[in-house]
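# Coordinate inspection notes
In case you want the letters, here they are:
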Amino acid sequence: MKALRRSRPGPSAVDPLAERGRGRRKLALLVPVLTVTCGLVAGGVAVGRVVAGSRPAPARGPVVDGPLAGRASGPVEQLRDSGVLFFTDQQGRAFRQAADGRDRRPLGQLKELGGQSARPFLDQLDIAASLLAVPADRRRAELAPDGNLVYLVQPDGAAAVGRLQDGSVRRLVPAGWRSPTLPRHTSDGAVVGACGYRLAGRQGSAGVKVARSWILDHAGAGLATLPGCLYDLADDGSVALVTDPAQGRVAGPVPDAEYQGSPLVGGSDQLTRGLRLWRRAGGFRPVLSFAEVTRAFRAVQPEVDPRGLVVVTASLGPDRRRALVRIVDALAGDKPRTGREAEVLALVDLASGRAEPIPQHLPGLEAWLPTGGYVYTGGAGLATYVARERPPALLTATVAQEGTYVVAASPDGAWLLLGGSVWRFVRVDDPAVQVTYPAPGRFAGWAPALGPEGSGRGGPGDPKGVPRSVGSQGGAPVDRPEGASGP
Amino acid sequence: MGRLLGDPEVWDDSPSRPRVVVRGLVGLAAGLAAGGLVAFAVVPRPAAPPPEVAVPPPPAEGPRVRVERQTLDNVSLSAGPLLVVRSGRLEQVKPDGTDRRVVAQNVRASAAVGPSRDGTLVVLDSGVIVRVDRDGATTRLGPANYLAAGLAGRDERLLACAEPGGSRRPDSGLLLSAAGGRNRPVKLGCPVAWASGAEVIAGAGGPWAAVNGIERDRAVQRGTSVLVGRPGGRSLVLLGAHELRAAAGRRATVEAVALAPDGKLAAVAAGSPGRPWVVLVLRADGRRVARIPLAAGHRPAWMGWSDRQGTVTLAVAAVDRRGDLATAPLASRQGGGYVLAWDAGTRTARVLAAGPPMVAADGFAWSSDGESVGISSPGGVLLVLQIDVVYTTAAPVTGTLVAWPGEAVP
């Protein structure tokens, strides 16, 4: 509202009312200016001090969310930089995820991977071959660090290599041959080896008629075809542990056991009685004799009949100077839990050929660590880690309760995974530090973390290729993995 | 055009009085807010400290063998109490950790015989043979200057072997009675054994050899033959020096002797440091029944026979003695080992325990029913029940296992 004012009098006429309010009005202007200024200064100083003296909260470890939320126990954040785990599910899909459970992604699908879970670990046809070769663990497929190559045994029993990206699968053994173990391969997938066998007769009626091994390069070209079984291939492909036929001739055929239910051998002369090293540069070198096999076994079975002793597992150490070898008594009967000791694990020095037994009731899984130590499990449900010049250390006593089927080392050797119904990660240097979470699937490999873009090329070796595909067998990529390379 | 109501002459046209205080307060508030905002925006913040890695609390202990309650109950049901030495006291405790009782104070027993029917127990404590009565009172047995290195016995009768030293010969064995009385010398040296169910004794005999590499900084006297006989009777050579060395190596000496409960079988552990050790199983007439080679670098730490309803089984505890472990005391030995059970009926073997539970294992014993083996170590007591399947459990018992008798000390 506008106030009407009287007409202003002349300069000489001073309105007492107006004069009286002028000072107050000036004051009303001056005081806000001053208080605003003071407020600016005071507020600035106060808040500035607070801000300058504040201590920001330290960054915390990764928040576990997604698939592991609330289901992991232990310091899961310590697994953050421990690489990438591969696993498969019952539908044949392959996945990857960080070791701490983050970043789960599908990689692809192969119907052959799906058939793995339904296929018995040892079917009737494989029983006869269980005296030829037994895998060091019970994983059903293995993924290469690139997340594309898959090493597996097809439902018809043939070792094969597949590619998740295009769904192709290639057999590594001829038609009609079966394989007792997964293919062995170099760290970069450039060299692949597989063992194959044929039975002398129909199912369950005879033993192994013939065993052969094939070593192929990345182009699928054969590097060698060897008699007997191939048990392991060095990471660089320079050497392989294979059957030594000369020791087989020394030992003679394996007779059939007198116990009902034992695998029929049929006097096979194809089983492994000793080992030799195949060298890619050329030639062989004997590394384990039958006499040493017998001597090692007598530490757990003093009066064993040596005619029944066969080598079924051999794993090269990371330095390629030692190997873990499992020796089985084919004549021991089919009840190892209630009968006599029928297996022994031995540490073989490949230079001297000496086998040092590792006495253990019902030896189970075994694995090497990149650092040179090794781990094995036994009948009491214990997992034991042995480092050089150190006493054996207990990793866990839950092998039986958790149905552990695989022991695998992290790429840096700092952690061990005991995979079963739960995945139990154990720090090698301090087994008291353990992380567990429910198994997301069937373990299929542990590789270094991929590159920053997840390019799949950041691992220890960039797969140069695989034996060429002979055509898709029904597989199809489910979901192209981020950054996956290739066609 | 509108017209204002009222008389203009009486309108108050004086300017409103400025509210200085209010304006000042509002200005101050505005200034504070503006100043704060400006300061919040422009004042540099201190650098963030490095990320805080959540380190888990240090665990109290590492993984351990699990207590399998059912196995523990089965063992406790059929077996007697464990005799253990703990904190310088001799205690008896049931395998499930219940009914713990101090048998004697200030006794560090390395071997025990009994308890007998009257409840007395005889133990070997730092070379002294000591009888422990029911009330815990202790009495020294044997000559005052006699230091024993081994003790065996049955009921109230005892066989001790001497710690060689001074003028005492290695084969200065002694037959004693727990009830006291006259002692009888017997020409047997350490180790000695007494069949638990028969009147048969055994021990080492000459020629004697000084062996290095078993104890630190000194040689120990070891026999190269094994003698067997009846208490008080003449001893016969069960295994001569020539046969011993033919079977176990040129420098082999006797490390341990054990007699089967009926005295018809004897086990002799022999070898030499740095060479493979073997266990020879012999009949009473000296015929060899079996030869059990131990893993390379492993030396026998204990042997014992059990009789489980007619099934006679020999257990051999072999411990890693390679390198610096050769002369380490059992309780501080940081190395593995294994316990092998050899069935005399089927002449087959099984591994009962191995690996981490054998690290620093310092006490071994069969249960009186012959079904279980106890192994003590600083980590606790491991019990292995071997019926058809081998069952393993940790026991809530600590201490060094000395014996596992069938009956408790009353």
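### Remarks on the overall build of chain B
Check the secondary structure of chain B and you find three helices and 28 strands. For 410 residues, the compact-globule formula gives about 22 Å, and the C-alpha radius of gyration of chain B, at 38 Å, lies well above that figure. In terms of overall dimensions, chain B has C-alpha extents of about 155 × 45 × 45 Å along its principal axes. Split into buried and exposed, the 410 residues of chain B put 47% on the buried side. Pairs at least 24 apart in sequence give 49% of the contacts found in chain B among residues at least 6 apart.

### Side note on the overall build of chain A
In terms of helices and strands, chain A carries five helices and 28 strands. Counting all 487 residues of chain A, 51% fall into the buried class. At a minimum sequence separation of 6, the contacts of chain A that also span at least 24 residues come to 56%.

### A word on the interface of chain B and chain A
Chain B puts 68 residues into the contact, and the matching count from chain A is 66 residues. A per-element tally of the side of chain B that touches chain A places helix α1 (residues 20-42) of chain B first, with 17 residues. Its residues assigned to classes, the side of chain B that touches chain A comprises 43 nonpolar, 13 polar and 12 charged.

### A look at the environment of B:A295
Following the sequence through the fold, B:A295 ends up in the loop between β19 (288-293) and β20 (298-308). Sequence-wise, B:A295 and B:L141 are 154 residues apart; in three dimensions their C-alpha atoms are separated by 39 Å. Apart from residues no more than four positions distant in its own chain, B:A295 is found in contact with A:A299, A:E356, A:P357, A:P359 and B:A318.

### Re the sheet that holds strand β1 (residues 82-86) of chain B
Residue and element names in this part refer to chain B. With antiparallel pairing, four strands are arranged side by side in an open sheet as β3-β2-β1-β28. Both edges of this open sheet fall to β3 (101-104) and β28 (400-403), since each of them pairs with a single strand only. Taken pair by pair, the neighbouring strands of this sheet meet at an average axis angle of 40 degrees, ignoring direction. Pairing between β1 and β28: three bridges, direction antiparallel.

### A word on the pairing of β20(B)
Within a regular beta strand, the side chains point alternately toward one face of the sheet and then the other, so they alternate between its two faces. All names here are of chain B. Burial runs high along β20: nine of the 11 residues are buried. Relative to strand β21 (residues 311-320), β20 runs antiparallel, the two being bridged by 10 bridges. Each bridged residue has a counterpart across the sheet, and for W302 the counterpart in β21 is A317.

### Quick notes on the pairing of strand β1 (residues 84-88) of chain A
All names here are of chain A. Summarising burial for β1: five of the five residues are buried, a large majority. The two faces of β1 match: V84, F86 and T88 on one face and L85 and F87 on the other face are all buried. Direction of pairing for β1 relative to strand β2 (residues 93-98): antiparallel, over a ladder of five bridges. Across the sheet, F86 pairs through a bridge with R96, a residue of β2. In this antiparallel pair of consecutive strands, β1 and β2, the connection spans four residues, and G92 shows a positive phi of 85 degrees. Where β1 lies against strand β28 (residues 442-447), five bridges are found, and the strand directions are antiparallel. Bridged to F86 within β28 is G445.

### Re the sheet that holds β28(A)
All names here are of chain A. If you walk across this open sheet you meet the four strands as β3-β2-β1-β28, and the pairing is antiparallel. Unpaired on one side and paired on the other, β3 (105-109) and β28 mark the two borders of the sheet. Strand-to-strand, the axes of this sheet are offset by a mean angle of 25 degrees, without reference to chain direction.

### Considering unusual backbone geometry
In this model, B:C190 is joined to B:P191 through a cis peptide bond whose omega is 0 degrees. Looking at the secondary structure, you find B:P191 in strand β12 (residues 189-194). The step from B:G206 to B:P207 runs through a cis peptide bond, and the omega angle for that step is -5 degrees. Within the secondary structure, B:P207 sits in strand β13 (residues 201-215). Phi is positive for A:R320, close to 60 degrees, though the residue is something other than glycine. Structurally, the position occupied by A:R320 is in the loop between β16 (309-316) and β17 (322-329). A positive phi angle is found at B:A360, which is not glycine, with a value near 60 degrees. Relative to the helices and strands, B:A360 is located in the loop between β23 (348-354) and β24 (363-366).

### Here's the deal with the confidence of the model for chain A
Residues and elements named next belong to chain A. Confidence in the prediction for chain A averages 82 pLDDT; 79% of positions are at 70 or higher. Within the model, pLDDT remains below 50 along residues 1-12, and this stretch shows seven contacts once partners closer than five positions in the same chain are excluded. Residue range residues 452-487 is modelled with pLDDT below 50. Its contacts to residues more than four positions away, or to other chains, number 95 contacts.

### Side note on the environment of A:G43
By secondary structure assignment, the location of A:G43 is in helix α1 (residues 16-52). C-alpha of A:G43 to C-alpha of A:S238: the two residues are 195 residues apart in sequence and 74 Å apart in space.

### What to know about α1(B)
An α-helical turn contains 3.6 residues, so any two residues separated by three or four positions project in the same direction. Its 23 residues place the ends of α1(B) 32 Å apart at the C-alpha level, agreeing with the 33 Å of an ideal helix rising 1.5 Å per residue. Every buried residue of α1(B) is accounted for by B:G24, B:G27, B:L28, B:G31, B:L32, B:G35, B:G36 and B:A39.

### Things to note about the nonpolar core
In terms of nonpolar packing, the biggest core is built from 253 residues, with A:V150, B:A202, B:V257, B:V268, B:V339 and B:L340 touching the most fellow members. Each residue touching B:A202, except ones within four places of it in the same chain, is listed here: B:V192, B:A193, B:V226, B:L227, B:V228, B:L238, B:V257, B:L259 and B:A266.

### A word on the confidence of the model for chain B
Residue and element names in this part refer to chain B. The predicted model of chain B has a mean per-residue pLDDT of 90, with 92% of residues at 70 or higher. At the level of individual helices and strands, chain B shows its lowest average pLDDT in α1, which scores 87, and its highest in strand β17 (residues 265-271), which scores 98. Per the prediction output, this complex has pTM 0.82; the corresponding ipTM is 0.84.

### Description of the environment of A:P359
Turning to its location among the elements, A:P359 is positioned in the loop between β19 (355-358) and β20 (366-368). Under the C-beta neighbour-count criterion, A:P359 is labelled buried, with 28 such atoms within 10 Å. Placed 171 residues apart in sequence, A:P359 and A:D188 show a C-alpha to C-alpha distance of 35 Å. Excluding residues within four positions of it along the chain, A:P359 makes contact with A:A299, A:V300, B:A295, B:Y338, B:L340, B:V351 and B:A354.

Each value, and the rule that gives it
- Residues numbered from 1 in each chain as written.
- Chains lettered and ligands numbered in written order.
- Predicted model: local features only at pLDDT ≥ 70, side-chain atom pairs only at ≥ 80, totals over all residues.
- Helix = DSSP H or I, 4+ residues; strand = E, 2+ residues; numbered from the N terminus.
- Rg over C-alpha atoms; globule rule 2.2 N^0.38 Å.
- Buried ≥ 20, exposed ≤ 12 C-beta atoms within 10 Å, placed from the backbone.
- Contact = placed C-beta atoms within 7 Å.
- Nonpolar A, V, L, I, M, F, W, Y, C, P; charged D, E, K, R; others polar.
- Pairing = 2+ DSSP bridges.
- Axes fitted to C-alpha atoms, helices over the stretch in contact; angles between N-to-C directions.
- pLDDT = per-residue confidence, 0-100.
- Expected span 1.5 Å × (residues − 1).
- Core = buried A, V, L, I, M, F, W, Y, C linked by C-beta atoms within 7 Å.

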